[in-house]
Amino acid sequence: MDSHGKWAADIEETQGHKVNYPMIGDPQLKVAKLYDMLPADAGETSEGRTPANNATVRNVFVIGPDKKIKLILVYPMSTGRNFDEVLRVLDSMQLTAKMGVSTPVNWKPGEDVVIPAAMPEDEAKKKFPGGWKTLKPYLRLGTPPK
């Protein structure tokens, strides 16, 4: 974990973004192997590993309150993580869990959401007092109240 802290400080210093999410310390590579981020023959410790043999450990996991993995983003070694996308996904997951809706492609907080066709109209009226747009009989879009 010491190296993680140094890495996080380096990111903030050189790229202006503070790492404010939990990072897993996995010195025996148990988590990395459990989730197939490293091959079984990758050794027994994280000590002495280099970028050449850590290339697959570039994952972001979002774990829900129920302790189940809700999202895995896998980045190649050559591509930095997109914090805006991680936060967008978290916003979407929190909103959809709270309201029972879905978010469309490229959705951003504050934009219209998809009201499920299975949601009864009286429930939709309560959740979307300002109304909604019906694009297809099965596709309603509404702006969630603030």
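Treat the numbers as computed from the prediction; the structure is a model and nothing was measured. (Residues numbered from 1 in each chain as written. Predicted model: local features only at pLDDT ≥ 70, side-chain atom pairs only at ≥ 80, totals over all residues. Heavy atoms only, no water.)

1. Some thoughts on the overall build of the protein
Then, in step 1: What the protein contains, in helices and strands, is four helices and five strands.
Then, in step 2: The order of α-helices and β-strands along the protein, N terminus first, is α-α-β-β-α-β-α-β-β.
Then, in step 3: What you see for the protein is a C-alpha radius of gyration of 20 Å, clearly larger than the 15 Å of a compact globule of 146 residues, by over 25%.
Then, in step 4: Viewed in the frame of its principal axes, the protein has a C-alpha envelope of about 60 × 35 × 25 Å.
Then, in step 5: Long-range contacts, defined here as pairs at least 24 residues apart, represent 23% of the contacts in the protein between residues at least 6 apart.
Then, in step 6: Accessible surface computed for the protein: about 10400 Å², of which carbon and sulfur atoms make up 56%.
Then, in step 7: Looking at charge distribution, the protein has the averaged site of its 20 positive side-chain charges lying 7 Å from that of its 18 negative ones. (Helix = DSSP H or I, 4+ residues; strand = E, 2+ residues; numbered from the N terminus. Rg over C-alpha atoms; globule rule 2.2 N^0.38 Å. Contact = heavy atoms within 4.5 Å. Areas by Shrake-Rupley, 256 points an atom, 1.4 Å probe, with all protein chains shown as cover. Lys, Arg positive; Asp, Glu negative; His and termini not counted. Charge placed at Lys NZ, Arg CZ, Asp CG, Glu CD.)

2. Some words on helix α3 (residues 83-99)
Then, in step 1: End to end, α3 covers 24 Å across 17 residues, agreeing with the expected 24 Å (1.5 Å per residue, within 8%).
Then, in step 2: Residues Val-86, Val-89, Ser-92, Leu-95 and Met-99 constitute the buried set of α3.
Then, in step 3: Turning to α3, the residues buried within the fold contact β1 (59-63), β2 (69-74), β3 (113-115) and α4 (121-127).
Then, in step 4: For α3, the capping residue at the N-terminal end is Asn-82, with a side-chain oxygen 3.0 Å from the backbone nitrogen of Asp-84.
Then, in step 5: Looking one or two places after α3, you find Gly-100, whose phi comes out positive at around 70°. (Expected span 1.5 Å × (residues − 1). Buried < 20%, exposed > 50% of the residue type's maximum accessible area, 1.4 Å probe, protein only. Polar contact = N/O pair within 3.5 Å; in protein donor to acceptor, adjacent residues only side chain to side chain.)

3. Details of the confidence of the model for the protein
Should pLDDT be low for a region, the predicted coordinates there are not to be read in detail.
Then, in step 1: On average, the protein scores 88 in pLDDT, and the residues at 70 or more come to 95%.
Then, in step 2: At the level of individual helices and strands, the protein shows its lowest average pLDDT in helix α2 (residues 30-34), which scores 84, and its highest in β3, which scores 98. (pLDDT = per-residue confidence, 0-100.)

4. Side note on unusual backbone geometry
Then, in step 1: For Leu-29, which is not glycine, the phi dihedral falls at a positive 60°.
Then, in step 2: Of note, Leu-29 is situated in the loop between α1 (2-15) and α2.
Then, in step 3: Residue classification places Leu-29 among the buried positions, given a relative accessible area of 5%.

5. Looking at the nonpolar core
A general tendency of soluble globular proteins is for nonpolar side chains to be buried together.
Then, in step 1: Listed in full, the nine residues of the largest apolar core are Leu-95, Met-99, Val-101, Trp-107, Val-113, Ile-115, Met-119, Ala-124 and Phe-128.
Then, in step 2: Sorting the residues of this core by element identifies α3 and β3 as the ones contributing at least two each.
Then, in step 3: The contacts of Trp-107, once residues within four sequence positions are left out, are Arg-88, Asp-91, Ser-92, Leu-95, Asp-112 and Val-113.
Then, in step 4: Counting seven residues, the second-largest nonpolar core is a separate cluster that includes Val-62, Tyr-75, Val-86 and Val-89. (Core = buried A, V, L, I, M, F, W, Y, C linked by side-chain atoms within 4.5 Å.)

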